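Report on the structure
What follows is each chain in one-letter form.
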Amino acid sequence: MRELKSSKKRTEQDRTKLTETVREMIKDVTARGDAALIEYNRRFDGCGRERLRITDAEIAEAYDMVPDSEVADIKAAAANIRAFAEAQRETIGTLEDFSPAAGITLGHRVIPVDSCCCYVPGGGYPLYSTALMLGIPAKVAGVRRVAACSPVIKGTDTIHPKTLVAMDVAGIDEIYAVGGAQAIAAFSYGTDQIKPVDLIVGPGNSFVTEAKRQCYGKVGIDFVAGPSEVLVIADGGADPEIIAADLLAQSEHDREAKGILVTTDETLGHAVIAAVEAQLPTLDTEEIAASSWKDFGEVLVADSLDEAVAYANEYAPEHLEVNVSAEYEAGVVEALRNYGSLFIGGNTAEVFGDYASGTNHTLPTLGAARYTGGVWVGIFLKTCTYQKMTPDAMMSIAPLVSRLARGEGLTGHARAAEIRMEKRQRR
């Protein structure tokens, strides 16, 4: 593997200060509750509201502020996301009446969590698409209470109207104007205004991520995410301008986002680098995208598609694009194992999945795709087993369990099996 463009190497940073700051914020929220949330809102976002929950009137006002055409676009994207989530839900079924031996009945039920919080980032942009990606699968899964939170527009008392509209279209039950680590703490431990939830999902900045890490156990989380990333596998037949556009789409997320091209054609690699430089001045986000591309963009030349695939499987990117000749496409796709979401062919832009095709854009980063996928309807569901036995089945299995338990030195376990045998034998 040769480097046409290298990037800074990410190293393990000293997170001591971040860890301690977030720990103190969580302690503050658990001790002072809503007073702490209101204070943080005022300090970080210039928000003076005392009641954190968004009212129906505020949601109605948000609809008035968003053009009808944009509301229609949000609803069109929501329809695709909902349809895919419903199709996924149909693949997850109960298991009934499985019998490994006579008289033993085993099975499992698929049960939604009772409540969840969808964390929708605010930051520099209104990321209203994330409200759809989180709220819709939660509702399709059957979660009874779906709450959401997002930071307010800085200097105001309300969440961006597009985000509020998207939250409403997604069917979210409760919306709160609060963000940051303090929001994660509130939904984990509860305050007077915010009832705690069972599961928190959604991306966020380093403070949100660290708070999710620290609150995990008290509350469930989807995963711990880092900066956005895309990896493109391409051969000489790919269009360099399309690849450049896809790399820049990720680069504009933030200064630490990462765009990587792995190609078998050095000429294509040089063409993509040139195309990136040509397209950068056309972006309103040029400053951020240029910084990200300069520091973390990579163009690598592989000796073969097999080498490119091996690199992708080791890297386990959040987004993975395959842009190779038709005769190689199926083989490359089959060989790929580690990715958050896969985009196949030059027609399939990663940004289509970001917004409207139907798959979820809340995905694992920093190699986490080696052991988990992204947010989907199944993350809101629990698969819970059950069993039932007849008297004869109990008599058949109890001796085996007794021997196994005594082999571990757990006589209480053994007696729980043996007493049933003894009582049955006395009848």
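Look up: the structure comes first, before these words.
Residues numbered from 1 in each chain as written. Predicted model: local features only at pLDDT ≥ 70, side-chain atom pairs only at ≥ 80, totals over all residues. Heavy atoms only, no water.

**Observations regarding the overall build of the protein**
Summing up its helical and strand segments, the protein has 16 helices and 14 strands in all. Each of the three principal axes of the protein carries a C-alpha extent, and together these read 90 × 60 × 45 Å. Per-residue burial over the protein gives 48% buried out of 427 residues. Considering only contacts in the protein between residues 6 or more positions apart, those separated by 24 or more positions represent 74%. Accessible surface computed for the protein: about 20,600 Å², of which carbon and sulfur atoms make up 51%. Charge separation in the protein, taken as the distance between the mean sites of 43 positive and 61 negative side-chain charges, equals 14 Å. (Helix = DSSP H or I, 4+ residues; strand = E, 2+ residues; numbered from the N terminus. Buried < 20%, exposed > 50% of the residue type's maximum accessible area, 1.4 Å probe, protein only. Contact = heavy atoms within 4.5 Å. Areas by Shrake-Rupley, 256 points an atom, 1.4 Å probe, with all protein chains shown as cover. Lys, Arg positive; Asp, Glu negative; His and termini not counted. Charge placed at Lys NZ, Arg CZ, Asp CG, Glu CD.)

**Regarding empty space enclosed by the protein**
Under the counting rule described, the total for this entry stands at two cavities of 30 Å³ or more. In this structure, the largest cavity spans a volume of roughly 40 Å³. For the lining of the largest cavity, the leading source of residues is helix α4 (residues 68–90), giving four residues. Split by residue class, the lining of the largest cavity holds six nonpolar, four polar and no charged. Taken as a whole, the second largest cavity holds about 30 Å³ of empty space. Ile-242, Asp-246, Glu-321, Asn-323, Gly-345, Gly-346, Thr-348 and Ala-349 are the residues that line the second largest cavity. Contributions of two or more residues to the lining of the second largest cavity are made by α9 (240–251) and β12 (319–323). Its residues placed into classes, the lining of the second largest cavity shows two nonpolar, four polar and two charged. (1 Å grid on protein atoms, 1.4 Å probe; cavity = no way out; pocket = protein on both sides within 12 Å on 5 of 7 lines; lining within 4 Å. Points joined across faces, edges and corners; volume = space filled by probe spheres on them. Nonpolar A, V, L, I, M, F, W, Y, C, P; charged D, E, K, R; others polar.)

**Some points on the nonpolar core**
With 44 residues, the main nonpolar core has Cys-116, Leu-132, Val-143, Met-167, Ile-175 and Phe-380 as its most contacted residues. Listed by contribution, the elements that provide at least two residues to this core are α3 (56–65), α4, β4 (115–119), α5 (128–141), β5 (145–150), α6 (161–170), β6 (174–177) and β7 (199–201). Ranked by the residues each element gives to this core, the list is headed by α5, at seven residues. With residues near it in sequence (within four places) discarded, Leu-132 still touches Ile-74, Ala-77, Ala-78, Ile-81, Pro-137, Ala-166, Val-169 and Ala-170. Counting 30 residues, the second-largest nonpolar core is a separate cluster that includes Tyr-176, Ile-184, Phe-187 and Ile-221. (Core = buried A, V, L, I, M, F, W, Y, C linked by side-chain atoms within 4.5 Å.)

**Thoughts on the packing of α9 against helix α11 (residues 286–296)**
Orientation of α9 relative to α11, taken along the N-to-C sense of each, is 105°, at an axis distance of 8 Å. Here α9 lies roughly perpendicular to α11, going by the angle between them. Residues Leu-247, Leu-248 and Ser-251 of α9 lie in contact with α11, whose contacting residues are Ile-288, Ala-289, Ser-292 and Trp-293. Among the residues forming the contact of α9 with α11, the class breakdown is five nonpolar, two polar and no charged. (Axes fitted to C-alpha atoms, helices over the stretch in contact; angles between N-to-C directions. Parallel < 35°, antiparallel > 145°, perpendicular 65-115°, else oblique.)

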